[in-house]
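Single-letter residue listing:
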Amino acid sequence: MTRLNQTGLWAGVGLLALLASLIVVQVVARNFFDKGLPWADELARFCSFSLVFLCVPLLALRRSMVSVTLLQEMVGERVKRLLHLLSELALLAFAGFMLWGFAAYLPRAGKFLTPAMGMPNWWFYSLALVGTIMLALTVILLIVETLSGTAPIPPEETEL
């Protein structure tokens, strides 16, 4: 699972580089050539939300999501593990709601094309769907680790 999530991270890094390039191209086109590039704006939007969905599963695997640990630091190991489990169940519920939303939305809207690039919505939302599936699988793995009492992978032991 770590290797799959790291692949998502590297895809996200590639999308971030493309996003930065598109922004530069847009600025140059508008300021020097008085030319708007609607396709570049749409592709930049695709890159920005896709990279988030592809990188979140690795953050979840590392247990590096934003969290407030004040309560966890004051309680014992047993309660700490229960809090981890509740957090992971909430994240799994989020992934489940996202997948349910994709299942409700994409069959109807997937056949339509995006306005500027003419890309089918299925393709436009595909990386977000893949990232959400990876998140659900990652969280299931974390729940199994928490319930079995095996030690999670510390953030410093997973390499980029």
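Throughout this document, residue positions are counted from 1 along each chain, in the order its sequence is written. In keeping with the model being predicted, local features are shown solely for residues with a pLDDT of at least 70 and side-chain atom pairs are shown and tallied solely at 80 or more, while totals for entire chains, interfaces and linings include all residues. The side-chain figures draw on all heavy atoms in the structure; neither hydrogens nor water molecules are used.

**Concerning the confidence of the model for the protein**
The pLDDT value expresses, per residue, how confident the predictor is, ranging between 0 and 100. Averaged over every residue, the pLDDT of the protein is 86; residues scoring 70 or more account for 93%. Secondary structure is summarised from DSSP: a helix means a run of H or I of at least four residues, a strand means a run of E of at least two, and numbering begins at the N terminus for each. Across the protein, helix α6 (residues 126–148) holds the top mean pLDDT of 92, while helix α3 (residues 70–74) sits lowest at 75.

**Focus: the nonpolar core**
Nonpolar core, defined: a set of buried Ala, Val, Leu, Ile, Met, Phe, Trp, Tyr and Cys residues in which side-chain atoms within 4.5 Å join the residues together. Type-normalised accessible area, obtained with a 1.4 Å probe on protein chains alone, sets the label of each residue: buried when under 20%, exposed when over 50%, and partly exposed for intermediate values. Ranked by internal contacts, the top residues of the largest apolar core, which has 18 residues, are Leu15, Leu19, Leu22, Phe46, Cys47 and Phe124. Looking at this core, the elements that each hand over two or more residues are α1 (2–33), α2 (38–61) and α4 (77–109). The leading source of residues in this core is α2, at eight residues. Counting 13 residues, the second largest nonpolar core, distinct from the first, contains Leu9, Cys55, Leu85 and Leu142.

**Considerations on the packing of α4 against α6**
Here an axis means a line fitted to C-alpha atoms, over the contact stretch when the element is a helix, while the angle between two N-to-C directions is reported on a 0 to 180 degree scale. Contact geometry of α4 with α6 gives a least axis separation of 9 Å together with a crossing angle of 155 degrees. Judged by the inter-axis angle, α4 sits roughly antiparallel to α6. As for how α4 packs across α6, the hand of that crossing is left-handed. Gly is placed with the polar residues, together with every amino acid not listed as nonpolar (Ala, Val, Leu, Ile, Met, Phe, Trp, Tyr, Cys and Pro) or charged (Asp, Glu, Lys and Arg). The residue makeup of the contact of α4 with α6, split by class, is 20 nonpolar, three polar and two charged. In what follows, roughly perpendicular refers to angles from 65 to 115 degrees, roughly parallel to angles under 35, roughly antiparallel to angles over 145, and oblique to any angle outside these ranges. Handedness of a crossing is defined here by the sense of rotation of the near helix relative to the far one, left-handed for an anticlockwise turn of less than a right angle and right-handed for a clockwise turn.

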